[in-house]
Structures are given as structure tokens and as C-alpha cells.
Amino acid sequence: MAGHSQFKNIMHRKGKQDAVRSKLFSKLAREITVAAKMGMPDINMNPRLRMAVLAARAENMPKDNIQRAINKAAGGEGENYDEVRYEGYGPGGAAVIVEALTDNRNRTASAVRSYFTKAGGALGESNSVSFMFNRVGEIAYPPEAGDADTVMEAAIEAGADDVISDENGHTILCAFDSLNEVSKALEASLGAPASAKPVWRPTTTAPLDEDKAASMMRLMEALDNDDDVQNVFANFEIADEIMAKLSA
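Residues numbered from 1 in each chain as written. Predicted model: local features only at pLDDT ≥ 70, side-chain atom pairs only at ≥ 80, totals over all residues. Heavy atoms only, no water.

Colleague: Lay out the overall build of the protein in plain terms, naming residues and giving numbers.
Modeller: Broken down by element type, the protein carries nine helices and ten strands. Its C-alpha radius of gyration of 18 Å places the protein within 12% of the 18 Å reference for a compact globule of 248 residues. Along the first, second and third principal axes, the C-alpha atoms of the protein reach 45 × 45 × 35 Å. Evaluated residue by residue, the protein yields a buried proportion of 45% over its 248 residues. Here the contacts in the protein between residues at least 6 apart in sequence split such that 72% fall between residues at least 24 apart. Carbon and sulfur atoms form 47% of the exposed surface of the protein, whose accessible area is close to 12600 Å². Seen as two clouds, the 27 positive and the 37 negative side-chain charges of the protein have centres 8 Å apart. (Helix = DSSP H or I, 4+ residues; strand = E, 2+ residues; numbered from the N terminus. Rg over C-alpha atoms; globule rule 2.2 N^0.38 Å. Buried < 20%, exposed > 50% of the residue type's maximum accessible area, 1.4 Å probe, protein only. Contact = heavy atoms within 4.5 Å. Areas by Shrake-Rupley, 256 points an atom, 1.4 Å probe, with all protein chains shown as cover. Lys, Arg positive; Asp, Glu negative; His and termini not counted. Charge placed at Lys NZ, Arg CZ, Asp CG, Glu CD.)

As C-alpha cells, this is what we get:
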């Protein structure tokens, strides 16, 4: 396990998931509104909106909130957001990609830069770290979707590239451009996924010692708490014994 998954695990163990969830709902609503504005406000006609709604449902976002976010776009309400990607190095040289939706680029860039600097990292230029990641589609299913063989068979049939199954569930990987088609095919055979989204998957990892890991968690938490930041991907790796100390 590496990167954002480890950060989420620590937040969960510290009992901070409720605070994270309330912040998450507003971020999910922002993505739904942006997706609906960019295409038809219909999940069957708009792949990005479909992914956004799936993500919201996976986090148990109330149906009314989801519909309100779609209606806001259909009525031409709400701010206009720009999609921005920031790249940089965190503590210990770990590569970090930050995706944001912002109505003020200067504000967001300044804030993200300050988070990196305070953590002992540095914000870089565009494409300064993305070469260390692959842009892929990631579709997640809970363990009850089926055993490893069943899910693997469905994934092959749907045109996926790889499946990772463990006690937490199944992660299916596919080409970024095929995400909508593969997730629809899987939904027909396995039911609705827990999530289906494009991700930056690291090709190499950067192990962190305890000090650097603590600084990295502070950076991840600062980014996660920023309303403009939608997603954070990183290639750090933290040993289990250090994870246990950070979670205490």
C-alpha cells in the first residue's frame, strides 16, 4: 500500500473520518456540478458525470445533495471552475500530483505552494513528476462482488488490463481512455462499482523514515483540507511499524 491509501488509513484510525466526510461532500458536489456543466446533465449521456455520481454514491452522499449539484449546473448557477494540476516533491523526495477545481487560480496556487514549503517539499513545474506515474482508470468493488476468479473473468471480458484482489476488495485497472466502457461492462456483470475514476498510479515508490513520514502526513492533510483540492496522488511508501506510530 502506498501514497494516498496510507494517508486515508491513518485518518480513519485517528477517528477523523467524520470531519473528512463533511469536507468530501462539498468536493464531490463541486465535481458533479462541473461535470454536468461540461456535458448533458444526464449520467447516461455524460461519462464524467456518471463517474462523479458513482463516487458520490460510494461515499453515501444523500441523493438530494447529488440532485441539487446537478440542478445547479442545469440552471446555470454556481461559480465557473478551472481544472488545474500541480506537481511537486514532498518530504523525502516523494512525488506528489494535486488536482484542483478552482474559481481563483492565484489563491489556489499560493495555498498549494505554501503547503509544500511548510512540509519541507517544493512545488515544481508542469510535468515535473507525472512521468513517474501512469494515468489509468481504476474501478473498485467490495469483497462481496465475487471471488477473485469471478472478478478476474468479468474484468477480462470487459477489456480491463489488471485486477488486484485482497481482503479489502477488488481493484480493476484499465486504460484511461477505456474507463467508461470498461466500467459499464463490469456493471452489467458485477453490479455497480464502489468507485470508478481516473487515477495517477505510481510506477516507483519512495520509502519514508518516521520524520519524513510525519511531515508527509501533514502535507497530505493540509492538501486534503483545502476546498479547492479534489484529488492528491503520491508515490510515498511508509513501513507498517511507522504507520502504527503515526496512527496512535
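Colleague: Give a detailed account of the layout of surface pockets, specifying residues and quantitative values.
Modeller: Approximately 240 Å³ is the volume attributed to the second largest pocket. If you list the elements that add at least two residues to the lining of the second largest pocket, you get α2 (17–38) and α4 (63–74). When residues in the lining of the second largest pocket are grouped by element, the largest group, five residues, is from α2. Looking at the lining of the second largest pocket residue by residue, the class counts come to four nonpolar, four polar and six charged. (1 Å grid on protein atoms, 1.4 Å probe; cavity = no way out; pocket = protein on both sides within 12 Å on 5 of 7 lines; lining within 4 Å. Points joined across faces, edges and corners; volume = space filled by probe spheres on them. Nonpolar A, V, L, I, M, F, W, Y, C, P; charged D, E, K, R; others polar.)

Colleague: I'd love a proper account of the packing of helix α3 (residues 47–58) against helix α7 (residues 179–190), names of residues and values included.
Modeller: α7 packs onto α3 with a crossing angle of 55° between their chain directions and a minimal axis gap of 10 Å. By the criterion of interaxial angle, the relationship of α3 to α7 is oblique. With respect to the hand of their crossing, α3 and α7 are arranged in left-handed fashion. On α7, the residues that touch Pro-47, Arg-50 and Met-51 of α3 are Leu-179, Asn-180, Ser-183, Lys-184 and Glu-187. (Axes fitted to C-alpha atoms, helices over the stretch in contact; angles between N-to-C directions. Parallel < 35°, antiparallel > 145°, perpendicular 65-115°, else oblique. Left-handed = near helix turned anticlockwise from the far one by under 90°.)

Colleague: Run through the side chain of Thr-33, naming residues and quoting values.
Modeller: Considering the arrangement of structural elements, one finds Thr-33 in helix α2. Here Thr-33 falls in the buried class, since its relative accessible area comes to 7%. Discounting residues that sit within four places of it in the chain, Thr-33 has contacts with Ala-69, Lys-72 and Ala-73.

Colleague: Can you explain the UniProt feature "domain: TACO1/YebC-like second and third" (unreviewed entry) in the protein? Please cite residues and give values.
Modeller: Listed under "domain: TACO1/YebC-like second and third" (unreviewed entry) in the UniProt record, and renumbered for this structure, are residues 81–236. Taken end to end, residues 81–236 has its terminal C-alpha atoms 29 Å apart, with 34% of it in helix and 37% in strand. (UniProt positions renumbered as here; feature names shortened; annotations may be inferred.)

Colleague: Break down the nonpolar core for me, citing the residues and quoting the values.
Modeller: Of all hydrophobic cores here, the largest spans 28 residues; its most connected members are Val-96, Met-216, Leu-223, Phe-236 and Ile-238. For this core, the secondary-structure elements that each account for two or more residues are β1 (82–89), β2 (95–102), α5 (105–118), β8 (206–208), α8 (210–225), β9 (229–234), β10 (236–238) and α9 (240–247). At six residues, the largest contribution of residues to this core is made by α8. Among the nonpolar cores identified, the runner-up in size contains 17 residues, and Met-51, Tyr-141, Leu-179 and Ala-196 belong to it. (Core = buried A, V, L, I, M, F, W, Y, C linked by side-chain atoms within 4.5 Å.)

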